[in-house]
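Structural overview
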Amino acid sequence: MHCTVLLFAQLAESIGSDRLTLQLPDGATIEHALNELASQHEIIAAMRDSLATAIADRYCARNTTLCDGDTLALIPPVSGG
């Protein structure tokens, strides 16, 4: 199964792209996707505990099962004032 991963802010800047394609086994969860991505990208490994995750514009828990063709967004913390 494959999914598209959307990256924002410092994730996109560090990786040099605002999206990645990820190949995962059927039944993989968001947590599985994060494990795979963290093994490939140091910035994701460093920020993984503070990232929010969403599928199709809805925030999701990390135990959510991904489906083929899903778009997973990794959303870093934001601050403003």
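Calculation rules
Residues numbered from 1 in each chain as written. Predicted model: local features only at pLDDT ≥ 70, side-chain atom pairs only at ≥ 80, totals over all residues. Heavy atoms only, no water. Pairing = 2+ DSSP bridges. Helix = DSSP H or I, 4+ residues; strand = E, 2+ residues; numbered from the N terminus. Buried < 20%, exposed > 50% of the residue type's maximum accessible area, 1.4 Å probe, protein only. Salt bridge = Lys/Arg side-chain N within 4 Å of Asp/Glu carboxyl O.

1. A few points about the pairing of strand β3 (residues 52-55)
Pairing analysis gives 4 bridges linking β3 to strand β5 (residues 71-75), with the strands arranged antiparallel. Directly across from I55, in β5, lies its bridge partner L72. Two successive antiparallel strands, β3 and strand β4 (residues 58-59), enclose a turn made up of 2 residues, where A56 displays a positive phi of approximately 50°.

2. With respect to the environment of A9
Inspection of the secondary structure puts A9 in helix α1 (residues 9-15). Residue A9 is classed as partly exposed on the basis of its relative accessible area, which comes to 41%. For A9 and A73, which are 64 residues apart along the polypeptide, the C-alpha to C-alpha distance reads 12 Å.

3. Overview of the pattern of salt bridges
Counting across every chain of the model gives 2 salt bridges. The partner of R19 in a salt bridge is D18, with the nearest N and O atoms 3.7 Å apart. Look at D18 and you get partly exposed, because its relative accessible area is 42%. Between R48 and E31 there is a salt bridge, with its nearest N and O atoms 2.6 Å apart. You can see R48 sitting in the loop between α3 (42-47) and β3 and its partner E31 sitting in helix α2 (residues 30-40), a full 17 residues away along the chain.

4. A look at the sheet that holds β4
Strand order in the open sheet made by the 5 strands is β2-β1-β5-β3-β4, with mixed pairing throughout. Looking along the sheet, the strands with just one partner apiece sit at the ends: β2 (19-23) and β4. Examined bridge by bridge, β3 and β4 share 2 bridges and lie antiparallel to one another. Bridge assignment links A54 to a residue of β4, and that residue is Y59.

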